[in-house]
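Close look at the chain arrangement
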Amino acid sequence: MMMSGLGFTRLASSCTPRYLSTATAWRTLSNDIVSDCIMAPSAGVRCNSTAPLGGDKQAVGAKDDKGIVSYWGLDPTKVSKEDGAPWKWTCFRPWEAYSADLSIDLKKHHAPTTLLDKMAYWTVKTLRWPTDLFFQRRYGCRAMMLETVAAVPGMVGGMLLHCKSLRRFENSGGWIKALLEEAENERMHLMTFMEVSDPIWYDRALVFAVQGVFFNAYFLGYIISPKFAHRVVGYLEEEAIHSYTEFLKELDNGNIENVPAPPIAIDYWRLPPNSTLRDVVLAVRADEAHHRDVNHFASDIHDQGRQLKEAPAPLGYH
Ligand SMILES: [Fe+2]
Ligand SMILES: [Fe+2]
């Protein structure tokens, strides 16, 4: 586990009860760090404070008046890796890193039997044709571009469930968080592939256009039929597994150089320091298989005439 030196000391002294989850322990840890930093301003550390830069000079009004004119300088908590090196990523924190479960069954496939499932299946198969035509064997670029699309459904679904939870004063059964986790995971795939691929202007233009269409289409689709929407994503994930398997073949054949893994990927999937692009693709492919399961499961819940909240979401499933 990666943590700050200060946090590690606190954890080692059993300040954090062992029955807490990892995430809870980290939150406790972060709060400890924050309060320590705020209590020790003389050390010159500004970990997390609402005090403006320049101290009291920017305070407005009387001494007891809490009005301030700038919140600039609200820094994230300082954390470090196991070896003591500072944690350099701001887009994710050590407690969000994990080891990909590579043992997941990659061949699992939801057999479409109902009309709706067949529509979802053929929608995805139809979308694959222009994708193959456009990217052909540019698997690095293809992966990066597809991740720009793959990160949309979880965010849209999570957002709609969030609004529904607010409207109806009801719990989501963890599905809001599960879908947002998926969106974030997909975005991390993108952040990783950005390191090994360089999109040209028409790639970027395509992302722009596709996002505009896909976001709105998925938004409407999810409102009309979440069962169909989740099924489509389930099949998209099956296609993603296929694409990454082809990517691996190209790497193994030497058609794509097996470059060292980007540092962001090493930290995100807790990979050994000497990992390569192949290890990254294996981790990403395993993630896609988990997304496949989550979305087919969500669609199956709807298929039984139930709501997502009635079946606990597979949180942290990756
Ligand atoms: Fe992905
Ligand atoms: Fe995915």
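Sequence order as written defines residue numbering, which begins from 1 separately in each chain. Chains and ligands are labelled by the order in which they are written, letters from A for the one and numbers from 1 for the other. At least 70 in pLDDT is required for a residue's local features to be given in this predicted model, at least 80 for side-chain atom pairs to be given and counted, and no such filter applies to totals for whole chains, interfaces and linings, which use all residues.

The name an unreviewed UniProt entry assigns to the protein chain is Ubiquinol oxidase, from the organism Hibiscus trionum. Annotation of the protein chain in UniProt includes, under Catalytic activity (unreviewed entry), the sentence "2 a ubiquinol + O2 = 2 a ubiquinone + 2 H2O". UniProt positions are given in the numbering used here, feature names are shortened, and annotations may be inferred rather than shown by experiment.

Let's talk about the environment of Leu-160
Only DSSP runs of H or I with at least four residues qualify as helices, and only runs of E with at least two residues qualify as strands; both kinds are numbered from the N terminus onward. Take Leu-160: it is sitting in helix H4 (residues 139-168). Residues are called buried when their C-beta atom has 20 or more other C-beta atoms within 10 Å, exposed when it has 12 or fewer, and partly exposed otherwise; all C-beta atoms are positioned from the backbone. Judged by the 18 C-beta atoms lying within 10 Å of it, Leu-160 is partly exposed. Along the sequence, Leu-160 and Tyr-222 sit 62 residues apart, while their C-alpha atoms lie 8.2 Å from each other. In this view, Leu-160 contacts Tyr-222 and Ile-223; residues no more than four positions away in its chain are not counted. Contact criterion: two residues are in contact if their C-beta atoms, reconstructed from the backbone, are within 7 Å.

Quick word on helix H7 (residues 226-253)
Between the first and last C-alpha of H7 there are 40 Å, a value that for 28 residues agrees with the 40 Å anticipated at 1.5 Å per step. Count one or two residues on from H7 and you reach Gly-254, which has phi positive near 85 degrees. Helix span, as expected, comes to 1.5 Å for every residue beyond the first.

Digging into the packing of helix H5 (residues 175-193) against helix H9 (residues 277-303)
All axes here are fitted lines through C-alpha atoms, helices being fitted over the stretch that makes contact, and every angle between N-to-C directions spans 0 to 180 degrees. One can describe the packing of H5 onto H9 by two numbers: an axis separation of 11 Å at closest approach and a directional angle of 155 degrees. Relative to H9, the element H5 lies roughly antiparallel. Crossing geometry of H5 relative to H9 is assigned as left-handed. Seen from H5, the contacting residues are Ala-178, Glu-182, Asn-185, His-189 and Thr-192; seen from H9, they are Val-280, Val-284, Asp-287, His-291 and Val-294. Orientation categories follow fixed angle ranges, with anything under 35 degrees roughly parallel, anything over 145 roughly antiparallel, 65 to 115 roughly perpendicular, and all other angles oblique. The crossing is said to be left-handed when, going from far helix to near helix, the turn is anticlockwise and less than a right angle, and right-handed when the turn is clockwise.

Let's talk about the packing of H4 against H7
H7 packs onto H4 with a crossing angle of 160 degrees between their chain directions and a minimal axis gap of 11 Å. When the axis of H4 is compared with that of H7, the two are roughly antiparallel. Pair H4 / H7 crosses with left-handed handedness. Contact with H4, carried on its side by Tyr-139, Arg-142, Ala-143, Leu-146, Ala-150, Pro-153 and Gly-157, involves Ala-229, Val-233, Leu-236, Ala-240, Ser-243, Glu-246, Phe-247 and Glu-250 of H7 and no other residues of that element. Just so you know the grouping, Ala, Val, Leu, Ile, Met, Phe, Trp, Tyr, Cys and Pro go in nonpolar, Asp, Glu, Lys and Arg go in charged, and all remaining residues, Gly too, go in polar. Residues that form the contact of H4 with H7 fall into these classes: ten nonpolar, two polar and three charged.

Digging into unusual backbone geometry
The phi dihedral of Phe-169 is positive, around 55 degrees, even though this residue is not glycine. With respect to the helices and strands, Phe-169 occurs in the loop between H4 and H5. By the C-beta count within 10 Å, which is 6 here, Phe-169 ends up exposed. One non-glycine residue with positive phi stands out, namely Arg-270, at about 50 degrees. Topologically, Arg-270 is positioned in the loop between helix H8 (263-268) and H9. A tally of 17 C-beta atoms within 10 Å means that Arg-270 is categorised as partly exposed.

What to know about the nonpolar core
Only buried residues count toward a nonpolar core: Ala, Val, Leu, Ile, Met, Phe, Trp, Tyr and Cys, linked into one set through C-beta atoms within 7 Å. If you look at the biggest cluster of nonpolar residues, it comprises 40 residues, and the most contacted ones within it are Val-280, Val-281 and Ala-283. At the level of elements, H4, H5, helix H6 (201-224), H7, H8 and H9 are the ones that each hand at least two residues to this core. If one sorts the elements of this core by residue count, H7 sits on top with ten residues.

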